[in-house]
Amino acid sequence: MPDQLTEAAVTAALQAAGLPVTPAAASALSAYYTAVTDTNRHINLTAITEPEDFLRKHYLDSLLCYRQELFAAAEKALDLGTGGGFPGIPLAALTPHICWTLLDATAKKLRFIEQTARSVGLENVRVLHARAEEAAKEPMQRECYDIVTSRAVARLAMLAEWALPFVRLGGTFIALKGPRGEEEWAAAERAVALLGGRLRERVTLPLPGTDESRTVFYIEKVAPTPKAYPRKPGIAAKKPL
Ligand code: SAH
């Protein structure tokens, strides 16, 4: 019998973390775990497969950034560099009223996410196969998301150049970072201002059930991003702002 992450286990862990988990969300996240671990045999989606680990390091970690007041008011959100669907899938499960776009430069994982989201009952998830630097130039994508999230994609200075162009004025870029988030902020502060962002809040939190901590940056879009950004693929890494 393969490992399972039961709906009861998901519900208990999310409730303990103060998260608003519905039966539909618990069911979707339980089924998504099964699909990821099954598919992981053919496509490498994650190195974390044990149910308790998955619950903490993917689901609870993704949901540490959840803020009722921020998400309740949002209609459109983008997860940049979603990989196996994090933090996009857990957040989409908790926010069925938000239309989520999960963006990644790798098509294989997105095909899995697209099929699986539907089969586990997440009707509010669509995928976008693109490099962020290119998609952010398209009028249909630029400055139209209430929320943009990103975890484990790039250093903050680089990530800000990719993410802030997608955020509408007044919207929020949420960067999920590890314990070294503080150092990244020092290197990113100038870039964030140049791109039209302003740090609203930075929160360091323990990851429940572990001795690890995470830092979440909430960056508000206070001015339009100059048209020159993001620069062409590869430039942000070579010449950080
Ligand atoms: N956010 C996921 C995946 C992290 S791995 C998680 O936390 O588990 C980083 C992902 O970002 C990879 O899937 C990679 O394809 C994607 N990525 C990196 N640079 C990108 C870019 N410029 N545009 C789009 N996707 C990118």
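Details of the structure are given in the entry above.
Just so it is clear, the model here is predicted, and its values are computed rather than measured.

> For this particular structure, what's the right way to read the pairing of strand E7 (residues 213–221)?
A regular strand places its side chains on the two faces of the sheet in alternate fashion. In terms of residue burial, E7 counts as a mostly covered element, since seven of its nine residues are buried. In this sheet, E7 lies alongside strand E5 (residues 167–177) in antiparallel orientation, the contact comprising six bridges. Its bridge partner lying in E7, lysine 177 is registered against threonine 215. Judged from the nine bridges that link them, strand E6 (residues 197–206) and E7 form a sheet pairing that is antiparallel. What sits directly across from proline 206, in E7, is serine 213.

> How should the site of the ligand be read in this particular structure?
Around the ligand, 17 residues are found, and the nearest of them are Gly81, Phe86, Asp104, Ala132 and Arg151. In the environment of the ligand, an oxygen atom lies 2.6 Å from a nitrogen or oxygen atom belonging to the side chain of aspartate 104. In the environment of the ligand, a nitrogen atom lies 2.9 Å from a nitrogen or oxygen atom belonging to the backbone of alanine 132. Burial of the ligand by the protein chains amounts to 80% of its free accessible area of 570 Å². Listing elements by their share of the shell around the ligand, those giving two or more residues are strand E2 (99–104) and helix H7 (132–135). Classifying every residue of the shell around the ligand gives eight nonpolar, four polar and five charged.

> I would appreciate a short explanation of helix H6 (residues 107–119) in the present structure.
Side chains of residues three or four places apart in an α-helix project in the same direction, reflecting 3.6 residues per turn. Taking 1.5 Å per residue, 13 residues should reach 18 Å; H6 reaches 19 Å between its end C-alpha atoms and fits that length. For H6, the full list of buried residues reads Leu110, Phe112, Ile113, Thr116 and Ala117. Along the long axis of H6, the arc covered by the buried residues comes to 155 degrees, so they all point the same way. Opposite the buried face of H6, at more than 90 degrees from it, the exposed residues are Arg111, Gln115, Arg118 and Ser119. Structurally, H6 contributes buried residues whose contacts are with helix H2 (23–39), helix H5 (88–94), E2 and strand E3 (125–129). Following H6 by one or two positions, glycine 121 adopts a phi angle in the positive range, close to 95 degrees.

About the thresholds
Residues numbered from 1 in each chain as written. Predicted model: local features only at pLDDT ≥ 70, side-chain atom pairs only at ≥ 80, totals over all residues. Heavy atoms only, no water. Buried < 20%, exposed > 50% of the residue type's maximum accessible area, 1.4 Å probe, protein only. Helix = DSSP H or I, 4+ residues; strand = E, 2+ residues; numbered from the N terminus. Pairing = 2+ DSSP bridges. Near = heavy atom within 4 Å. Polar contact = N/O pair within 3.5 Å; in protein donor to acceptor, adjacent residues only side chain to side chain. Areas by Shrake-Rupley, 256 points an atom, 1.4 Å probe, with all protein chains shown as cover. Nonpolar A, V, L, I, M, F, W, Y, C, P; charged D, E, K, R; others polar. Expected span 1.5 Å × (residues − 1). Arc of directions from axis to C-beta. Contact = heavy atoms within 4.5 Å.

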